[in-house]
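# Structural description and commentary
Listed here are the chains, written in short residue letters.
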Amino acid sequence: MQPIPIESSLLIRNTAAILTGQDARAGHAERIAGPDIRVAGGKIEAIGHLPPRPGERVLDATDCVVYPAWINTHHHLFQSLLKGEPLGLNLTLTPWLGATPYRFRAAFDEHTFRLAARIGLIELVRSGCGTVADHNYLYYPGMPFDSSAILFEEAEALGLRFVLCRGGATRTRGLESDLPQALRPETLDAFLADCERLTARYHQPGPDAMRRVAMAPTTPLYSMAPEELRTCARTARRLGIRLHSHLSETVEYQNAAATAHGATPVAFCAEYEWTGPDVWFAHLVKLSPAEIRMLGETRTGIAHCPQSNGRLGSGIADIPALEAVGVPVSIGVDGAASNEAADMISETHAAWLMQRARRGELARAQSEGGSTEGGADAARIEDVVRWGTAGGAAVLGLDGIGTLVPGQAADLAVYRLDDPRYFGLHDVAIAPVSSGGRPTLRALLVGGRVIAQDDAIPGVDLAELGAQARAAVGQLQQRAERMAA
């Protein structure tokens, strides 16, 4: 693929609605009338009634809705070739880990890993996602290919902002060690050395950086010894990078923390310096009120992954309660092996519905002390858009993206509502989240570069990609069967 040029001046004209990603609680406008947006030098220059300039490129956005480009804060891109894997399809988290991702991870070679990353990134692009944080834990001693380099290369080829959350482990769970051909853990020195290498090579500190690195042991309770976690936290802060991991996805996290440490999972993390505004955790489904308060007091963030949490039967994180105490909220799609629709439109649609369902499930009859019928006020479309855009920018420390206001980087998605599922809407601004499906992507800009237009991505042949995926799934199945024999 050729480098994607920044538009010297682009006028997005005659939009039907613009959602900004801003927070009304802070006095900012969640919606603006526009109808025009001018992009110049990679930034949003102006929004309003804007006549075209001589020679300026014009993108007709008549009847289109514009959102900030989505920011996906938790993924496992290598799992894009593990969708709907039968042995793990109806299992909860712990047995699913053994049945699917851990059983297949040794079967990935450089080609299948690269293909999986490409598929996952393209799926995200087509949903209007401009920034991806991938929690990659495919590392082991003597690994014959550099999975980190592949991820950065594939993201750069598509023009995406990319945050590598460098996963890994210095110890394994019992379920991993019992598996044939299980991958060996790394040493702490090797893990830290690679984090330093990656930071020096890729990490950019700016507020609209294209490349970032975060330190991300796979899970605090299982992947490292407690003092190793403290060493990681201090090393990450010395390097100027953020911290990320999984936490409290199921009740097993509570069981493990209580049994091994006599603490809740969040209290354990706090003891070893794993809370703060530079830390965000995926899931946080099972939390006590005290843990919610601790996360709020420390400004520790969340990557909310509703579809994966639903698919694995883990539950629904209490996002309104977390946000009310000051927890930065973002949205992640998680890996495709536990989310067969790993795109940001499906994810935000699920987030909207599940928060309402969660509150409705708590409703009780008046005879039982109840006072409300349901929970339709639990999450508005504007809330979900904020979580998936400005919220993602906040947890990643990318303050120059995530909102549609002049001066911000021009990361935005223009959706054309030409499918019958959007016909008849009284408020077209809510369409991409409320109606689900996938609206036609009129254009996706990242840093002022048009990286997709009219559902097409330069250099991407979807039919060929599908054929490659089918062949790769067969290869992975055969390799996994041989390794288990």
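What counts, and where the lines are drawn
- Residue numbers here run from 1 along each chain, matching the order of that chain's written sequence.
- In keeping with the model being predicted, local features are shown solely for residues with a pLDDT of at least 70 and side-chain atom pairs are shown and tallied solely at 80 or more, while totals for entire chains, interfaces and linings include all residues.
- Hydrogens are left out, water is left out, and the side-chain values use all remaining heavy atoms of the structure.
- Pairing between strands requires that DSSP locate at least two bridges from one strand to the other.
- A helix here means a DSSP run of H or I that spans at least four residues, while a strand means a run of E at least two residues long, and both kinds are numbered starting from the N terminus.
- To obtain each axis, a line is fitted to C-alpha atoms, and for helices this fit is confined to the stretch in contact; angles are then taken between N-to-C directions over 0 to 180 degrees.
- Between 65 and 115 degrees an angle is taken as roughly perpendicular, under 35 as roughly parallel, over 145 as roughly antiparallel, and anywhere else as oblique.
- The hand of a helix crossing depends on one turn: near helix anticlockwise from the far one by less than a right angle means left-handed, and clockwise means right-handed.
- What makes two residues a contact is simply this: any of their non-hydrogen atoms within 4.5 Å.
- Under the grouping applied here, Gly and all other residues not named as nonpolar or charged are polar, the nonpolar ones being Ala, Val, Leu, Ile, Met, Phe, Trp, Tyr, Cys and Pro and the charged ones Asp, Glu, Lys and Arg.
- Multiplying 1.5 Å by the residue count of a helix minus one yields the expected span of that helix.
- Each residue's exposure class comes from its accessible area (1.4 Å probe, protein chains only) as a fraction of the maximum for that residue type: buried when under 20%, exposed when over 50%, partly exposed otherwise.
- We call two N or O atoms a polar contact when they sit within 3.5 Å, provided that within protein one can donate a hydrogen and the other can accept it, with sequence-adjacent residues counted only if both atoms are side-chain atoms.
- Each domain's extent is set by a domain assignment, obtained either automatically or from a database.
- A simple way to read buried area is as the amount of 1.4 Å-probe accessible surface that goes missing from two parts once joined, with both sides added.
- Within this document, salt bridges are pairs made up of a side-chain nitrogen of Lys or Arg and a carboxyl oxygen of Asp or Glu, the two lying within 4 Å of each other.

## Concerning the sheet that holds strand E7 (residues 64-68)
As summarised here, the arrangement of the 6 strands in space is E3-E2-E7-E16-E17-E18, forming an open sheet in which the pairing is mixed. Where the open sheet ends on each side, the last strands, each with one partner, are strand E3 (31-32) and strand E18 (449-453).

## Describing the packing of helix H6 (residues 188-202) against helix H8 (residues 226-239)
The geometry of H6 relative to H8 is characterised by a closest axis approach of 11 Å and an angle of 15 degrees between their N-to-C directions. With respect to H8, the axis of H6 lies roughly parallel. Remark: the crossing between H6 and H8 carries right-handed chirality. The residues of H8 that touch H6, namely those facing Leu188, Phe191, Leu192, Cys195, Glu196 and Thr199, are Glu228, Thr231, Cys232, Thr235, Arg238 and Leu239. Per-class residue counts for the contact of H6 with H8 are 6 nonpolar, 3 polar and 3 charged.

## Focus on helix H14 (residues 344-361)
Quick reminder: α-helices carry 3.6 residues per turn. Residues three or four places apart thus point the same way. Spanning 18 residues, H14 covers 25 Å between terminal C-alpha atoms, matching the ideal 26 Å at 1.5 Å per step. Within the sequence span of H14, burial applies to Met344, Ile345, Ser346, Glu347, Thr348, Ala350, Ala351, Trp352 and Gln355. The opening residue of H14 is Asp343, an N-cap whose side-chain oxygen sits 3.0 Å from the backbone nitrogen of Ile345.

## Looking at the domain arrangement of the protein
The domain architecture assigned to the protein consists of domain 1 (9-68 + 411-453) and domain 2 (70-392). Averaged C-alpha coordinates put domain 1 and domain 2 at centres separated by 29 Å. Taken together, the contact between domain 1 and domain 2 spans 28 residues of the former and 27 residues of the latter. Carbon and sulfur atoms make up 58% of the area that domain 1 and domain 2 hide from each other, which totals about 2200 Å². Broken down residue by residue, the surface that domain 1 buries against domain 2 is led by Glu30, Val433 and Arg438, which jointly contribute 24%. Of the charged contacts in the structure, one is a salt bridge between Arg31 and Glu382, with a shortest N-O distance of 2.9 Å. For the pair domain 1 and domain 2, the number of links is 11 residue pairs in polar contact (both at pLDDT 80 or more). When contributions to the side of domain 1 that touches domain 2 are tallied by element, the ones reaching two or more residues are E7, strand E16 (412-416), helix H17 (431-434), strand E17 (440-446) and E18. Here the side of domain 1 that touches domain 2 is built from residues that sort into 14 nonpolar, 7 polar and 7 charged.

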